[in-house]
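# Reading the structure
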Amino acid sequence: MRIARFSIDGNVAFGAVEGESPPGTTDGLVLDIIKGIPFADFELSGTKVPLSKVRLLPPVLPNKVVGIGRNYADHAAELGNEVPEVPVAFFKPSTSVIGPGDSIAYPSFSQEVHYEAELAVVIGRMCREVPRERARDVILGYTCANDVTARDVQKREKQWARAKGFDSSCPLGPWVETDLDPSDLTIQCTVNGEQRQLGRTAEMVRSIEDLIVHISEAMTLLPGDVILTGTPAGVGPLNVGDEVAVTIEGIGTLTNKVIKRG
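Scope of this entry: the structure provided in the associated data block. Chains are numbered independently. Their residues run from 1 in the order of the written sequence. Two thresholds apply to this predicted model, a pLDDT of at least 70 for residue-level local features and 80 or more for giving and counting side-chain atom pairs, whereas whole-chain, interface and lining totals are computed over all residues. Processing note: side-chain calculations cover all non-hydrogen atoms of the structure and skip hydrogens and water entirely.

### Description of helix 4 (residues 208-216)
Relative accessible area decides the class of each residue, using a 1.4 Å probe on protein chains only: under 20% of the type maximum gives buried, over 50% gives exposed, and in between gives partly exposed. Secondary structure elements are defined from DSSP: runs of H or I of at least 4 residues count as helices, runs of E of at least 2 residues count as strands, and each element is numbered from the N terminus. Among the nine residues in helix 4, seven count as buried, and that is most of the element. Among the residues making up helix 4, those that are buried are Ile208, Glu209, Leu211, Ile212, Val213, Ile215 and Ser216. Lining the buried residues of helix 4 we find strand 6 (65-69), strand 11 (117-123), strand 12 (139-146) and strand 17 (226-228). In this description, contact between two residues means that some pair of their heavy atoms is separated by no more than 4.5 Å.

Given below as C-alpha coordinates:
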(Lines give C-alpha, C1' and ligand atoms only; values in the text may rest on other atoms or scores of the structure.)
Protein backbone atom coordinates (compact mmCIF):
# COMPACT_ATOMS: atom_id res chain seq x y z
CA MET A 1 0.00 0.00 0.00
CA ARG A 2 1.16 3.53 -0.80
CA ILE A 3 0.29 5.88 2.07
CA ALA A 4 0.42 9.61 1.44
CA ARG A 5 -0.05 12.56 3.76
CA PHE A 6 -1.78 15.50 2.15
CA SER A 7 -3.72 18.70 2.63
CA ILE A 8 -6.99 19.70 0.98
CA ASP A 9 -9.21 22.67 1.79
CA GLY A 10 -7.08 23.44 4.85
CA ASN A 11 -7.35 19.92 6.28
CA VAL A 12 -4.52 17.40 6.67
CA ALA A 13 -5.13 13.67 6.30
CA PHE A 14 -3.58 10.38 5.27
CA GLY A 15 -4.76 8.45 2.25
CA ALA A 16 -4.03 5.28 0.31
CA VAL A 17 -2.78 6.04 -3.19
CA GLU A 18 -4.62 3.99 -5.78
CA GLY A 19 -4.21 3.61 -9.53
CA GLU A 20 -1.31 3.92 -11.94
CA SER A 21 0.05 6.93 -13.77
CA PRO A 22 2.64 7.71 -16.46
CA PRO A 23 6.09 8.54 -15.04
CA GLY A 24 6.33 12.11 -13.81
CA THR A 25 2.59 12.67 -13.59
CA THR A 26 -0.23 12.05 -11.13
CA ASP A 27 -2.83 11.42 -13.85
CA GLY A 28 -5.09 8.55 -12.86
CA LEU A 29 -4.03 8.46 -9.20
CA VAL A 30 -6.62 8.89 -6.47
CA LEU A 31 -6.47 8.98 -2.67
CA ASP A 32 -8.80 6.88 -0.54
CA ILE A 33 -8.88 8.85 2.71
CA ILE A 34 -7.79 6.86 5.76
CA LYS A 35 -9.86 6.82 8.93
CA GLY A 36 -7.29 7.40 11.66
CA ILE A 37 -3.53 7.22 11.25
CA PRO A 38 -1.35 4.58 9.59
CA PHE A 39 0.55 3.78 12.80
CA ALA A 40 -2.42 1.89 14.24
CA ASP A 41 -5.27 -0.19 12.87
CA PHE A 42 -7.14 1.88 10.33
CA GLU A 43 -9.82 1.64 7.69
CA LEU A 44 -10.21 3.18 4.28
CA SER A 45 -13.15 5.57 4.24
CA GLY A 46 -14.15 4.99 0.64
CA THR A 47 -14.04 8.76 0.10
CA LYS A 48 -11.73 9.31 -2.83
CA VAL A 49 -10.12 12.45 -4.22
CA PRO A 50 -7.87 12.85 -7.27
CA LEU A 51 -4.24 13.21 -6.29
CA SER A 52 -4.01 16.20 -8.63
CA LYS A 53 -6.47 18.10 -6.41
CA VAL A 54 -4.41 17.88 -3.20
CA ARG A 55 -1.05 19.09 -1.97
CA LEU A 56 1.26 16.27 -0.98
CA LEU A 57 3.03 16.85 2.34
CA PRO A 58 6.00 15.04 3.87
CA PRO A 59 4.61 11.51 4.28
CA VAL A 60 5.44 11.59 8.01
CA LEU A 61 6.45 14.20 10.57
CA PRO A 62 9.30 12.40 12.33
CA ASN A 63 10.30 13.05 15.90
CA LYS A 64 13.82 12.40 14.65
CA VAL A 65 15.62 11.50 11.45
CA VAL A 66 18.65 9.26 11.99
CA GLY A 67 21.08 9.34 9.10
CA ILE A 68 23.77 6.78 8.37
CA GLY A 69 26.97 7.95 6.72
CA ARG A 70 29.29 6.04 4.40
CA ASN A 71 27.05 3.00 4.01
CA TYR A 72 28.03 2.56 0.34
CA ALA A 73 31.71 1.78 -0.21
CA ASP A 74 31.94 3.66 -3.52
CA HIS A 75 30.49 6.81 -1.97
CA ALA A 76 32.92 6.64 0.95
CA ALA A 77 35.78 6.26 -1.53
CA GLU A 78 34.72 9.17 -3.75
CA LEU A 79 35.03 11.50 -0.75
CA GLY A 80 38.34 10.01 0.34
CA ASN A 81 36.98 8.09 3.31
CA GLU A 82 37.26 4.52 4.53
CA VAL A 83 34.21 2.42 5.27
CA PRO A 84 33.84 2.81 9.06
CA GLU A 85 34.10 -0.18 11.37
CA VAL A 86 30.72 0.69 12.89
CA PRO A 87 27.86 2.69 11.33
CA VAL A 88 28.31 6.46 11.50
CA ALA A 89 25.01 7.91 12.75
CA PHE A 90 23.89 11.53 12.76
CA PHE A 91 20.64 13.44 13.25
CA LYS A 92 18.63 15.70 11.01
CA PRO A 93 16.07 17.72 13.01
CA SER A 94 12.35 17.70 12.28
CA THR A 95 12.70 21.28 10.99
CA SER A 96 14.84 19.96 8.12
CA VAL A 97 11.96 17.89 6.71
CA ILE A 98 10.09 19.06 3.61
CA GLY A 99 7.81 17.25 1.19
CA PRO A 100 7.53 16.63 -2.54
CA GLY A 101 7.43 19.85 -4.52
CA ASP A 102 8.70 21.94 -1.61
CA SER A 103 11.76 24.12 -2.11
CA ILE A 104 15.26 23.41 -0.84
CA ALA A 105 16.53 26.76 0.49
CA TYR A 106 20.25 27.14 -0.24
CA PRO A 107 21.85 28.00 3.12
CA SER A 108 23.63 31.33 3.35
CA PHE A 109 26.59 29.83 5.26
CA SER A 110 27.57 27.37 2.50
CA GLN A 111 29.06 27.60 -0.97
CA GLU A 112 28.89 23.87 -1.79
CA VAL A 113 25.58 22.08 -1.29
CA HIS A 114 25.27 18.47 -2.52
CA TYR A 115 22.41 16.09 -3.26
CA GLU A 116 22.39 12.57 -1.76
CA ALA A 117 19.68 10.19 -2.96
CA GLU A 118 18.72 7.67 -0.28
CA LEU A 119 16.21 5.01 0.67
CA ALA A 120 14.41 6.06 3.85
CA VAL A 121 12.95 3.60 6.35
CA VAL A 122 9.81 4.75 8.19
CA ILE A 123 9.31 3.25 11.66
CA GLY A 124 5.80 2.00 12.39
CA ARG A 125 5.76 1.51 16.14
CA MET A 126 7.66 2.41 19.29
CA CYS A 127 10.60 0.11 19.81
CA ARG A 128 14.03 -0.19 21.41
CA GLU A 129 16.72 -2.86 21.58
CA VAL A 130 15.18 -4.56 18.56
CA PRO A 131 16.59 -8.04 17.87
CA ARG A 132 17.68 -8.53 14.27
CA GLU A 133 15.04 -11.16 13.55
CA ARG A 134 12.30 -8.69 14.57
CA ALA A 135 13.64 -5.64 12.73
CA ARG A 136 11.21 -5.87 9.81
CA ASP A 137 8.30 -5.98 12.29
CA VAL A 138 8.90 -2.38 13.38
CA ILE A 139 8.94 -0.94 9.84
CA LEU A 140 5.86 0.79 8.42
CA GLY A 141 7.40 1.17 4.98
CA TYR A 142 9.86 3.02 2.78
CA THR A 143 10.08 6.35 1.01
CA CYS A 144 12.53 8.44 -1.03
CA ALA A 145 14.87 10.88 0.68
CA ASN A 146 17.46 13.46 -0.26
CA ASP A 147 20.09 13.95 2.42
CA VAL A 148 20.99 17.45 1.25
CA THR A 149 24.42 18.33 2.64
CA ALA A 150 26.50 21.50 2.91
CA ARG A 151 29.68 19.68 1.93
CA ASP A 152 32.10 22.54 2.66
CA VAL A 153 30.63 22.92 6.15
CA GLN A 154 30.80 19.17 6.72
CA LYS A 155 34.50 19.21 5.86
CA ARG A 156 35.47 22.06 8.17
CA GLU A 157 33.27 21.28 11.19
CA LYS A 158 33.85 18.16 13.25
CA GLN A 159 30.12 17.72 13.90
CA TRP A 160 27.64 17.42 11.02
CA ALA A 161 24.72 19.17 12.72
CA ARG A 162 24.80 22.33 10.60
CA ALA A 163 26.01 20.65 7.42
CA LYS A 164 23.15 18.16 7.34
CA GLY A 165 20.55 19.70 9.63
CA PHE A 166 19.75 23.07 8.11
CA ASP A 167 16.15 23.95 7.26
CA SER A 168 14.83 22.11 4.16
CA SER A 169 17.80 19.69 4.04
CA CYS A 170 15.65 16.56 4.32
CA PRO A 171 13.12 16.18 1.50
CA LEU A 172 10.95 13.07 1.95
CA GLY A 173 8.26 11.56 -0.26
CA PRO A 174 6.20 11.26 -2.28
CA TRP A 175 4.56 8.60 -0.06
CA VAL A 176 5.34 5.55 2.06
CA GLU A 177 5.29 2.19 0.30
CA THR A 178 4.43 -0.53 2.83
CA ASP A 179 4.65 -3.61 0.58
CA LEU A 180 8.22 -3.67 -0.68
CA ASP A 181 11.36 -5.78 -0.51
CA PRO A 182 14.10 -3.17 -0.04
CA SER A 183 17.06 -5.50 -0.49
CA ASP A 184 17.88 -4.74 -4.15
CA LEU A 185 16.21 -1.59 -5.49
CA THR A 186 17.49 0.91 -8.04
CA ILE A 187 18.23 4.39 -6.63
CA GLN A 188 18.60 7.23 -9.10
CA CYS A 189 19.16 10.97 -8.77
CA THR A 190 18.76 13.47 -11.59
CA VAL A 191 19.48 17.19 -11.64
CA ASN A 192 17.61 19.15 -14.30
CA GLY A 193 16.79 15.84 -15.96
CA GLU A 194 20.41 14.64 -16.15
CA GLN A 195 21.35 11.46 -14.30
CA ARG A 196 23.88 12.05 -11.53
CA GLN A 197 23.53 8.96 -9.31
CA LEU A 198 22.61 5.39 -10.12
CA GLY A 199 23.01 2.60 -7.59
CA ARG A 200 21.25 -0.30 -5.91
CA THR A 201 20.35 -0.90 -2.29
CA ALA A 202 22.12 -4.27 -2.56
CA GLU A 203 25.36 -2.25 -2.43
CA MET A 204 24.75 -1.17 1.17
CA VAL A 205 27.60 -2.11 3.50
CA ARG A 206 25.15 -2.76 6.33
CA SER A 207 21.60 -3.96 5.91
CA ILE A 208 18.48 -2.22 7.11
CA GLU A 209 18.10 -4.84 9.83
CA ASP A 210 21.61 -4.18 11.10
CA LEU A 211 20.98 -0.43 11.15
CA ILE A 212 17.77 -0.80 13.16
CA VAL A 213 19.57 -3.02 15.69
CA HIS A 214 22.46 -0.57 15.97
CA ILE A 215 20.30 2.53 16.39
CA SER A 216 17.71 1.01 18.72
CA GLU A 217 20.46 -0.19 21.08
CA ALA A 218 20.96 3.46 21.96
CA MET A 219 17.56 5.12 21.60
CA THR A 220 13.85 4.50 21.45
CA LEU A 221 12.42 4.77 17.96
CA LEU A 222 8.94 6.25 17.69
CA PRO A 223 6.20 5.82 15.08
CA GLY A 224 7.04 8.07 12.14
CA ASP A 225 10.76 8.26 12.87
CA VAL A 226 12.93 7.94 9.78
CA ILE A 227 16.24 6.19 9.13
CA LEU A 228 18.29 7.32 6.12
CA THR A 229 20.28 4.35 4.88
CA GLY A 230 23.13 6.07 3.02
CA THR A 231 23.76 7.19 -0.54
CA PRO A 232 25.49 5.55 -3.50
CA ALA A 233 28.37 7.15 -5.38
CA GLY A 234 27.87 10.15 -7.63
CA VAL A 235 27.08 12.95 -5.19
CA GLY A 236 27.66 16.45 -6.45
CA PRO A 237 26.68 20.10 -6.29
CA LEU A 238 23.30 21.78 -6.43
CA ASN A 239 22.79 25.38 -7.49
CA VAL A 240 19.96 27.83 -7.09
CA GLY A 241 17.41 27.11 -9.80
CA ASP A 242 18.22 23.39 -10.08
CA GLU A 243 15.48 20.77 -9.96
CA VAL A 244 16.62 17.60 -8.23
CA ALA A 245 14.71 14.31 -8.37
CA VAL A 246 15.23 11.09 -6.42
CA THR A 247 13.63 7.99 -7.91
CA ILE A 248 13.57 4.62 -6.14
CA GLU A 249 12.30 1.47 -7.80
CA GLY A 250 8.94 0.38 -6.40
CA ILE A 251 8.29 3.69 -4.63
CA GLY A 252 8.25 6.67 -6.98
CA THR A 253 9.92 10.02 -7.50
CA LEU A 254 10.62 12.87 -5.08
CA THR A 255 11.21 16.20 -6.82
CA ASN A 256 12.34 19.51 -5.30
CA LYS A 257 13.67 22.79 -6.62
CA VAL A 258 16.56 24.75 -5.12
CA ILE A 259 15.89 28.39 -4.29
CA LYS A 260 17.89 31.19 -2.70
CA ARG A 261 17.32 31.36 1.03
CA GLY A 262 15.31 34.44 1.82
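### A word on the pattern of salt bridges
A pairing counts as a salt bridge when a side-chain nitrogen of Lys or Arg comes within 4 Å of a carboxyl oxygen of Asp or Glu. Counted according to the given criterion, the structure contains 15 salt bridges. A salt bridge links arginine 132 to aspartate 210, with the nearest nitrogen and oxygen atoms 2.7 Å apart. Highlighted residues: arginine 132 in the loop between strand 11 and strand 12 and aspartate 210 in helix 4, separated in sequence by 78 residues. The class of arginine 132 is partly exposed, set by a relative accessible area of 43%. Its salt-bridge partner being aspartate 147, residue lysine 164 comes within 2.7 Å of it at the nearest N-O pair. Of the two residues, lysine 164 is situated in helix 3 (residues 161-165) and aspartate 147 in the loop between strand 12 and strand 13 (149-150); the sequence distance between them amounts to 17 residues. Judged by relative accessible area, lysine 164 falls into the buried class, the value being 2%. Its relative accessible area of 1% is what places aspartate 147 among the buried residues.

### Some details on the sheet that holds strand 10 (residues 113-115)
Only strands that DSSP links by at least two bridges are regarded as paired with each other. Here three strands make up an open sheet; going across it, the order is 13-10-18 and the pairing antiparallel. The open sheet is flanked by strand 13 and strand 18 (236-238), the only strands paired with a single partner.

### Brief notes about the layout of surface pockets
For each structure, a 1 Å grid was placed over the protein atoms alone; sets of points admitting a 1.4 Å probe that cannot get out are labelled cavities, open sets with protein on both sides within 12 Å along at least five of seven lines are labelled pockets, and lining residues have an atom within 4 Å of a point. Grid points are joined across faces, edges and corners, and a volume is the space filled by probe spheres set on the points. If you add up the space inside the second largest pocket, you get close to 270 Å³. Of all the secondary structure elements, the ones that give two or more residues to the lining of the second largest pocket are strand 6 and helix 2 (151-156). Per element, the largest residue contribution to the lining of the second largest pocket is three residues, and it comes from helix 2.

### Looking at the side chain of arginine 2
Among the secondary structure elements, arginine 2 is positioned in strand 1 (residues 2-8). Counting rule applied: Lys, Arg positive; Asp, Glu negative; His and chain ends not counted. We note that arginine 2 is buried and unpaired, the nearest opposite charge coming from glutamate 20 at a distance of 4.1 Å. Residues adjacent in sequence count toward polar contacts only when both atoms are side-chain atoms; beyond that, a polar contact is any pair of N or O atoms within 3.5 Å, and within protein one must be able to donate a hydrogen and the other to accept it. A polar side-chain atom of arginine 2 sits 2.6 Å from the main-chain carbonyl oxygen of glycine 19.

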